[in-house]
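Now for the letters of each chain:
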Amino acid sequence: GQNIDQPTEMTATEGAIVQINCTYQTSGFNGLFWYQQHAGEAPTFLSYNVLDGLEEKGRFSSFLSRSKGYSYLLLKELQMKDSASYLCAVRAPNTDKLIFGTGTRLQVFP
Amino acid sequence: DVKVTQSSRYLVKRTGEKVFLECVQDMDHENMFWYRQDPGLGLRLIYFSYDVKMKEKGDIPEGYSVSREKKERFSLILESASTNQTSMYLCASSPPEGRQHFGDGTRLSIL
């Protein structure tokens, strides 16, 4: 079966660092995506990992361990505008379809 | 920038009606997708199209059909709308092996 797990909700303080975890059990793997979705808006692409290791992009970084079926999204220097849902999605081999987790709703407080 | 446009942000229909949701993308992407998003369930794939006139069922195709007569347009059809189809519907497009770009969504209410 296909299963992607993320925490449902997280809270953090402005200026802090937060790590959002994603574990997956899928029949095959061909990349993992992170998307950000503000309430009432479209998901927007944040990062893509297909090889093990850390990808850094400004305040956001994403890590992948294929052997552990694990990824995390790291957000540094949190800002109020980072309050949003963060969606983890896995792509299986030989397809462009994605399997999405249920998303993690992050609330940033002053 | 890729633009994916969904025809309506909000739509209210009645049970039993035939409902059309339209999606247009302007980047010549081969792939187009229809999802529904419900609280606690995340994004679930309804249908996927990888080329004109080609379609593939997603995880929850029951009660839905799709049409892709032109590359830029992908339509989702609710044959006979029911209250359990009240949801947020998201369209996306992507090139092969590329990232998906989403429209703003249509919040559909079936009364």
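Our structure's up above, just so we're on the same page.
### Here's the deal with the layout of surface pockets
Move 1: Within this model, the largest pocket holds a volume of roughly 650 Å³.
Move 2: Contributing to the lining of the largest pocket are 30 residues, with A:Gln37, A:Ser85, A:Arg105, B:Gln37 and B:Pro39 lying nearest its centre.
Move 3: At the level of elements, strand S9 (84-91) and strand S11 (104-109) of chain A together with strand S4 (31-38), strand S5 (42-51), strand S9 (87-94) and strand S11 (106-110) of chain B are the ones that each hand at least two residues to the lining of the largest pocket.
Move 4: No other element matches S11(A), which puts four residues into the lining of the largest pocket.

### Some details on the interface of chain B and chain A
Many analyses report the size of an interface as the accessible area lost when the parts associate.
Move 1: Taken together, the 23 residues of chain B in the interface contact 15 residues of chain A.
Move 2: When chain B packs against chain A, close to 1500 Å² is buried across both sides, 54% of that on carbon and sulfur atoms.
Move 3: Considering only the side of chain B, the residues that lose the most area to chain A are B:Leu43, B:Arg99 and B:Phe102, jointly responsible for 29% of the buried surface there.
Move 4: The interface formed by chain B and chain A contains one salt bridge.
Move 5: The partner of A:Lys97 in a salt bridge is B:Glu56, with the nearest N and O atoms 2.9 Å apart.
Move 6: Applying the counting rule to chain B against chain A returns eight residue pairs in polar contact (both at pLDDT 80 or more).

### Re the nonpolar core
Move 1: If you look at the biggest cluster of nonpolar residues, it comprises 21 residues, and the most contacted ones within it are A:Leu32, A:Trp34, A:Leu75, A:Tyr86 and A:Leu106.
Move 2: Secondary-structure elements contributing two or more residues to this core are strand S2 (9-13), strand S3 (18-25), strand S4 (32-37), strand S7 (60-65), strand S8 (70-75), S9 and S11 of chain A.
Move 3: Excluding its chain neighbours within four sequence positions, the residues that come into contact with A:Tyr86 are A:Gln6, A:Ile20, A:Trp34, A:Tyr35, A:Gln36, A:Leu46, A:Phe60, A:Leu73, A:Leu75, A:Gly103, A:Thr104 and A:Leu106.
Move 4: Membership of the second largest hydrophobic core comes to 20 residues, among which are B:Leu21, B:Cys23, B:Val66 and B:Phe74.

### Side note on the packing of aromatic side chains
Move 1: If you walk through the whole model with that rule in mind, you get 17 aromatic pairs over all chains.
Move 2: A centroid spacing of 5.0 Å and a plane angle of 15 degrees characterise the contact between A:Tyr24 and A:Phe29, whose relative ring orientation is stacked.
Move 3: An aromatic cluster is defined as three or more aromatic residues linked by ring pairs; in this entry it consists of A:Phe33, A:Tyr35, A:Phe45, A:Tyr48, A:Phe100, B:Phe33, B:Tyr35, B:Phe48, B:Tyr50 and B:Phe102.

### Things to note about the pairing of S4(A)
All names here are of chain A.
Move 1: Extensive coverage of S4 is indicated by the burial of six of its six residues.
Move 2: Residues Leu32, Trp34 and Gln36 line one face of S4 and the alternating positions Phe33, Tyr35 and Gln37 line the opposite face, and both faces are buried.
Move 3: Joining the antiparallel neighbours S4 and strand S5 (residues 44-49) is a turn of six residues, in which Gly40 adopts a positive phi near 80 degrees.
Move 4: Of the pairings in the sheet, the one linking S4 to S9 comprises six bridges and is antiparallel in character. Across the sheet, Tyr35 pairs through a bridge with Leu87, a residue of S9.

### Topic: the side chain of A:Ser62
Residue and element names in this part refer to chain A.
Move 1: For Ser62, the position within the fold is in strand S7.
Move 2: Looking at Ser62, the relative accessible area reads 0%, which means it is buried.
Move 3: Separated by 3.1 Å, the side chains of Ser62 and Ser47 make a polar contact.
Move 4: For Ser62, the contacting residues outside a window of four places in its chain are Trp34, Ser47, Asn49, Gly53, Leu54, Glu55, Tyr72 and Leu73.

What counts and what doesn't
Residues numbered from 1 in each chain as written. Chains lettered and ligands numbered in written order. Predicted model: local features only at pLDDT ≥ 70, side-chain atom pairs only at ≥ 80, totals over all residues. Heavy atoms only, no water. 1 Å grid on protein atoms, 1.4 Å probe; cavity = no way out; pocket = protein on both sides within 12 Å on 5 of 7 lines; lining within 4 Å. Points joined across faces, edges and corners; volume = space filled by probe spheres on them. Helix = DSSP H or I, 4+ residues; strand = E, 2+ residues; numbered from the N terminus. Contact = heavy atoms within 4.5 Å. Buried area = accessible area lost by both parts, 1.4 Å probe. Salt bridge = Lys/Arg side-chain N within 4 Å of Asp/Glu carboxyl O. Polar contact = N/O pair within 3.5 Å; in protein donor to acceptor, adjacent residues only side chain to side chain. Core = buried A, V, L, I, M, F, W, Y, C linked by side-chain atoms within 4.5 Å. Buried < 20%, exposed > 50% of the residue type's maximum accessible area, 1.4 Å probe, protein only. Phe/Tyr/Trp six-rings, centres within 6.5 Å; stacked < 30°, edge-to-face > 60°. Pairing = 2+ DSSP bridges.

In short, geometric facts, not functional conclusions.
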